[in-house]
Amino acid sequence: QAATAGTRGGSTMAKAKAKHRQRVSLQKRRRDLIKTTQNRKQKQESTSRKRKAEEARKREADSRKAAARLFDPTLRTLLVGEGNFSFTRALVRRWEAERRASAPPGAKNPQSIEDLVGYNVVATCLDTKEELVEKYPDVKDIVREIKAYGVTVLCGIDATCLLDSKRIVKALGELCEGDLAEAEAEAEAAALEGQDEEEDEDGGAQAKLAAKFGFDRIIFNFPHLGCGVKDTEENSSMHRDMLEKFFHSAHSVLAKDGQILVTVKCGEPYESWRVPRLATGTGLLGVHSSAPFDPRMFEGYEHRRTVGAPQREGVLEPNVDVFSDKTQSRTLIFVHAGQSQKNSKHGKKQAAAGARARSDSKDSLGSLYADDE
């Protein structure tokens, strides 16, 4: 009996050990399965993050390319509200770098003023020369540099009454001199043939002159009165009034296929300005599209309100007020009302973006501020 009891006891212990080993094995398999599942999930999440980051980089690169296409040295360009002219300087510097990069070896420098990269640019500011020097100690050097690139610089220009400025009209006339001579010759030829200019197939000589006598790009970066009014609604009302007058004014000197570019910060109080509604409300302009504004594309540009901004870790960041992790800005693009979007070189995607913006019932910048996809 004792032997039998011992055998039974040994068998029970063996079974217990077997169950223990089985339990340990199951627990290990469960841990391995959980670990494998977690690793797979982490890998999927990592892959997803990388894919999204890559897509974001691609969208940003595409947006930058789209923004870069807005500025072309062959287009007649008017800049208003330029402050210290640092944006103009950044533009012509980039164009000059591109010209040198694309020039064949041994190519000569421009031989005439018409060949300079800034010849088609008219840069203006509201301040007088005396006010500029007082505000910006380095403005003399900046103006000297951009003039060397062929830029026409005008001070004391009010962007809300451009056509009333004889200096603007004169500068535009000089840029359009060749086109105007051609249009006038065509008008004279039509008159000799006894054609009615106003009933001409293309709208007559006046329409042809209007199509050519204008700026291809009118740029207003971060419009702001600097009035210091603390009441938000009153401040917004004053800026809406200024922008509405600007759109009327800009339209009067805009070429037939020209574009008006207004860059503003995202969020309030700028969204309360209702910039798209102001433009379309004139009945003269329509929304074309928008593009992100990245000051890093314009080396040397300093947003006027952030010149002398506080340093971060010893590095001056003059544009942190308009571009940072917390602050973004966009360039809103407007064209003549009724201008076909389908024929735009930006294609159907840009047309859809413009359509979405026009149908925005709130007339906010929200739809325009979305990435152009």
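Residues numbered from 1 in each chain as written. Predicted model: local features only at pLDDT ≥ 70, side-chain atom pairs only at ≥ 80, totals over all residues. Heavy atoms only, no water.

(A) Layout of the environment of glycine 226. Take glycine 226: it is sitting in the loop between strand 4 (215–221) and helix 8 (232–251). On a C-alpha basis, the gap between glycine 226 and histidine 239 in space is 9.7 Å, while along the polypeptide they are 13 residues apart. (Helix = DSSP H or I, 4+ residues; strand = E, 2+ residues; numbered from the N terminus.)

(B) Inspection of a negative patch on the surface at higher detail. Negative charge collects at one region of the surface, where Glu114, Asp115, Glu174 and Glu177 lie side by side. With respect to the element layout, aspartate 115 can be found in the loop between helix 2 (86–102) and strand 2 (121–124). (Patch = residues over 30% accessible without salt bridge, like charges linked within 9 Å, V, L, I, M, F, W, Y side chains within 5 Å. Areas by Shrake-Rupley, 256 points an atom, 1.4 Å probe, with all protein chains shown as cover. Salt bridge = Lys/Arg side-chain N within 4 Å of Asp/Glu carboxyl O. Lys, Arg positive; Asp, Glu negative; His and termini not counted. Charge placed at Lys NZ, Arg CZ, Asp CG, Glu CD.)

(C) Region of interest: the packing of helix 2 against helix 4 (residues 139–148). Interhelical geometry of helix 2 versus helix 4 gives an angle of 35° and a closest axis separation of 10 Å. For the pair helix 2 and helix 4, the sense of crossing is left-handed. Across the interface between the two elements, Ser86, Thr88, Arg89, Val92 and Arg93 of helix 2 pack against Ile142, Glu145 and Ile146 of helix 4. Counted by class, the contact of helix 2 with helix 4 contains three nonpolar, two polar and three charged residues. (Axes fitted to C-alpha atoms, helices over the stretch in contact; angles between N-to-C directions. Left-handed = near helix turned anticlockwise from the far one by under 90°. Contact = heavy atoms within 4.5 Å. Nonpolar A, V, L, I, M, F, W, Y, C, P; charged D, E, K, R; others polar.)

(D) A look at the sheet that holds strand 3 (residues 152–154). The seven strands lie next to each other as 3-2-1-4-5-7-6, forming an open sheet whose pairing is mixed. Unpaired on one side and paired on the other, strand 3 and strand 6 (285–292) mark the two borders of the sheet. Neighbouring strand axes in the sheet, compared pairwise and without regard to direction, differ in orientation by 20° on average. Bridge count for strand 5 (residues 254–265) against strand 7 (residues 329–336) is six bridges, and the pairing is antiparallel. Opposite leucine 261, over in strand 7, you have isoleucine 333 as the bridge partner. (Pairing = 2+ DSSP bridges.)

(E) Structural view of helix 8. In this model, helix 8 (20 residues) spans 28 Å end to end at C-alpha, consistent with the 28 Å of a helix rising 1.5 Å per residue. In this fold, the buried residues of helix 8 make contact with strand 1 (77–80), strand 4, strand 5, helix 9 (275–281), strand 6 and strand 7. (Expected span 1.5 Å × (residues − 1).)

(F) Geometry of the environment of leucine 70. Within the element layout of this structure, leucine 70 appears in the loop between helix 1 (2–68) and strand 1. Given a relative accessible area of 2%, leucine 70 falls into the buried group. Beyond its immediate stretch of four places on either side in the chain, leucine 70 contacts Arg217, Gln259, Leu261, Ala291, Thr331 and Ile333. (Buried < 20%, exposed > 50% of the residue type's maximum accessible area, 1.4 Å probe, protein only.)

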